[in-house]
Every structure is written in structure tokens, then in C-alpha cells.
Amino acid sequence: MKALLLTALAGKFIIACTVCIYFWNAKTMSQVTNLPLWLLILTVVYISLQMFSRKYSDANHWWDWVYYIGLLSIMIPVSIMNEGNQQLCHLATDFGTLFLIAPPVVDAIVLMKKSNSNS
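Residues numbered from 1 in each chain as written. Predicted model: local features only at pLDDT ≥ 70, side-chain atom pairs only at ≥ 80, totals over all residues. Heavy atoms only, no water.

### Overview of the packing of aromatic side chains
Taken as a whole and assessed by the stated rule, the structure comprises seven aromatic pairs. Consider the rings of Y22 and W38, whose centres lie 5.8 Å apart with planes at 85°: the pair is edge-to-face. Of this pair, Y22 sits in helix α1 (residues 2-25) while W38 sits in helix α3 (residues 37-56); the two residues are 16 residues apart in sequence, bridging distant segments of the chain. For W38, a relative accessible area of 43% corresponds to the partly exposed category. Ring centres 5.7 Å apart and planes at 85° place the aromatic pair W62 and W63 in the edge-to-face group. The exposed category is assigned to W62, whose relative accessible area is 64%. (Phe/Tyr/Trp six-rings, centres within 6.5 Å; stacked < 30°, edge-to-face > 60°. Helix = DSSP H or I, 4+ residues; strand = E, 2+ residues; numbered from the N terminus. Buried < 20%, exposed > 50% of the residue type's maximum accessible area, 1.4 Å probe, protein only.)

Written out as C-alpha cells, the structure reads:
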């Protein structure tokens, strides 16, 4: 089971970085309001991996929930972005998607600390 959790952790990190890079490179309004299908599929896979990790990990942690901020930062600008708030929405997606990276990074740190203390 630990190998599956590590695989899920790596998958979440890779997907989160991919999503972040997409939004950091998005310069136009249509790139934020008309998301490509591959990005939506990656987001659903990330959610599935997060749910798997939460169900099969030893304990639930507060950082397991911060990815919701990242998801909101992707979803909200899609529906509210216009010419007047374009810069604010780009800023929200740029910083908000960092919250997708936080759970796998903190989980990795906790796993490394546990493995060092068990050695």
C-alpha cells in the first residue's frame, strides 16, 4: 500500500506542476475561460489521487484540504473573468494553483521525516 501512496503522491505533484505551468503561461482571457480538455482530465485525475491518498493514508491532515483553494482558483475565473478583472483573475490562477502543489510537497516532507525517524 505504501508504494501506491508514493505513486499517488508523485502523480499529484506532477499533475499540480503541469496545471501551474499552464496557468502561469496563460496570457489571454480565452486561455483561462476555455480550458483545454486535457487540463480538465488532469484535474479530475488529481482529485481522484487526492481522494485515494486521503482514504488510505495513516491520518488526515489539515494540508489535505488546501487543494480546494487551488481548484477554486481554476473554476471561479472561468465563470467571472471579463476585460475589467482579467489581471486579477490571472493573478488568482497563478497563485491559487500553488495550493495544488502544497499537499504532495508537505506529504513528501512528512514521509521523509517518518522514514528518517524509523531508520
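### Some words on the nonpolar core
Among the nonpolar cores identified, the biggest contains 18 residues, and V19, F23, L35, L39, Y46, I74 and L100 are the most heavily contacted of them. Contributing elements (two or more residues each) for this core: α1, α3, α4 (67-80) and α6 (98-118). Among the elements that take part in this core, α1 stands out by supplying six residues, more than any other. In this structure, Y46 is in contact with K12, I15, A16, Y67, L100, P103 and P104, ignoring residues within four places of it in sequence. (Core = buried A, V, L, I, M, F, W, Y, C linked by side-chain atoms within 4.5 Å. Contact = heavy atoms within 4.5 Å.)

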